[in-house]
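Structural characterization, general
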Amino acid sequence: MTTFNQREQAFERKFVLDEEAKFKSEMLCMSELGKWAAAKLGLSGSSYDAYTAELRKEDIIGNEAAVIEKIRGDFLAQHIRCTEAEIREFIAAERMKVEDRLSKQP
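Residues numbered from 1 in each chain as written. Predicted model: local features only at pLDDT ≥ 70, side-chain atom pairs only at ≥ 80, totals over all residues. Heavy atoms only, no water.

Here's the deal with unusual backbone geometry
Of note, the phi angle at histidine 79 is positive, near 60°, even though the residue is not glycine. If you trace the backbone, histidine 79 turns up in the loop between α3 (64-77) and α4 (84-103). (Helix = DSSP H or I, 4+ residues; strand = E, 2+ residues; numbered from the N terminus.)

In structure tokens:
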């Protein structure tokens, strides 16, 4: 095997690992966001679990904007005051916590 092939395989492995880490980080962040939103909505038990799972699924199918829009709609329906900026701030803070936690794992 040539050096070029070895380098190509190493880059491919690194790309796969980076994408897996990014996906894991995003799912953990969305999980924390779901827990936060469910708590603000006063959900508990199976409703709490279902809501957090629904947000993770929404993030996979849609994107972060879709998740934020869903939370905003749910909050508005329950007359809970929370701006899009507050939700985005929570996401940013959680993303930093998750990335810090994952960087410390072996």
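What follows continues from the structure just given.
Concerning the nonpolar core
Soluble globular proteins tend to bury their nonpolar side chains together. Within the largest apolar cluster, 17 residues are counted, with the highest numbers of intra-cluster contacts made by Leu33, Tyr51, Ile71, Phe75, Ile87 and Ile91. Elements represented by at least two residues in this core include exactly α1 (3-40), α2 (45-61), α3 and α4. Top contributing element to this core by residue count: α1, with 5 residues. If we ignore the near neighbours within four places in the chain, the residues touching isoleucine 87 are Leu33, Trp36, Ile68, Ile71, Arg72 and Cys82. (Core = buried A, V, L, I, M, F, W, Y, C linked by side-chain atoms within 4.5 Å. Buried < 20%, exposed > 50% of the residue type's maximum accessible area, 1.4 Å probe, protein only. Contact = heavy atoms within 4.5 Å.)

Some remarks on α3
Between its first and last C-alpha atoms α3 spans 20 Å; for 14 residues at 1.5 Å apiece the expected length is 20 Å, and the two agree. Positive phi shows up at histidine 79, right after α3, with a value of about 60°. (Expected span 1.5 Å × (residues − 1).)

Details of the packing of aromatic side chains
Summed over all chains, the structure comprises 2 aromatic pairs. Here tryptophan 36 and phenylalanine 90 contribute two aromatic rings whose centre-to-centre distance is 4.5 Å and whose plane-to-plane angle is 15°, an arrangement assigned as stacked. On the criterion of sequence distance, the pair formed by tryptophan 36 in helix α1 and phenylalanine 90 in helix α4 is long-range, its members being 54 residues apart. An aromatic cluster is defined as three or more aromatic residues linked by ring pairs; in this entry it consists of Trp36, Phe75 and Phe90. (Phe/Tyr/Trp six-rings, centres within 6.5 Å; stacked < 30°, edge-to-face > 60°.)

Overview of the packing of α3 against α4
Contact geometry for α3 and α4: axes closest at 10 Å, N-to-C directions at 125°. One element, α3, and the other, α4, form an angle in the oblique class. The hand of the α3/α4 crossing is right-handed. On α4, the residues that touch Glu64, Ile68, Ile71 and Arg72 of α3 are Glu84, Ile87, Arg88, Ile91 and Arg95. Here the residues of the contact of α3 with α4 are counted per class, giving 4 nonpolar, no polar and 5 charged. (Axes fitted to C-alpha atoms, helices over the stretch in contact; angles between N-to-C directions. Parallel < 35°, antiparallel > 145°, perpendicular 65-115°, else oblique. Left-handed = near helix turned anticlockwise from the far one by under 90°. Nonpolar A, V, L, I, M, F, W, Y, C, P; charged D, E, K, R; others polar.)

Brief notes about the pattern of salt bridges
Applying the stated criterion across every chain yields a total of 11 salt bridges. Here arginine 95 and glutamate 26 are joined by a salt bridge, their closest N and O atoms 3.0 Å apart. Taken together, the residues span a long stretch of sequence, with arginine 95 in helix α4 and glutamate 26 in helix α1 at a distance of 69 residues. The partner of glutamate 54 in a salt bridge is lysine 70, and the shortest N-O contact between them spans 3.2 Å. A residue pair is termed long-range when its members are at least 10 positions apart, and glutamate 54 in helix α2 and lysine 70 in helix α3 qualify at 16 residues. Note on glutamate 54: relative accessible area 37%, which makes it partly exposed. Look at the salt bridges and you will find they share partners, linking Glu26, Glu64, Glu84, Arg88 and Arg95 into a network. (Salt bridge = Lys/Arg side-chain N within 4 Å of Asp/Glu carboxyl O.)

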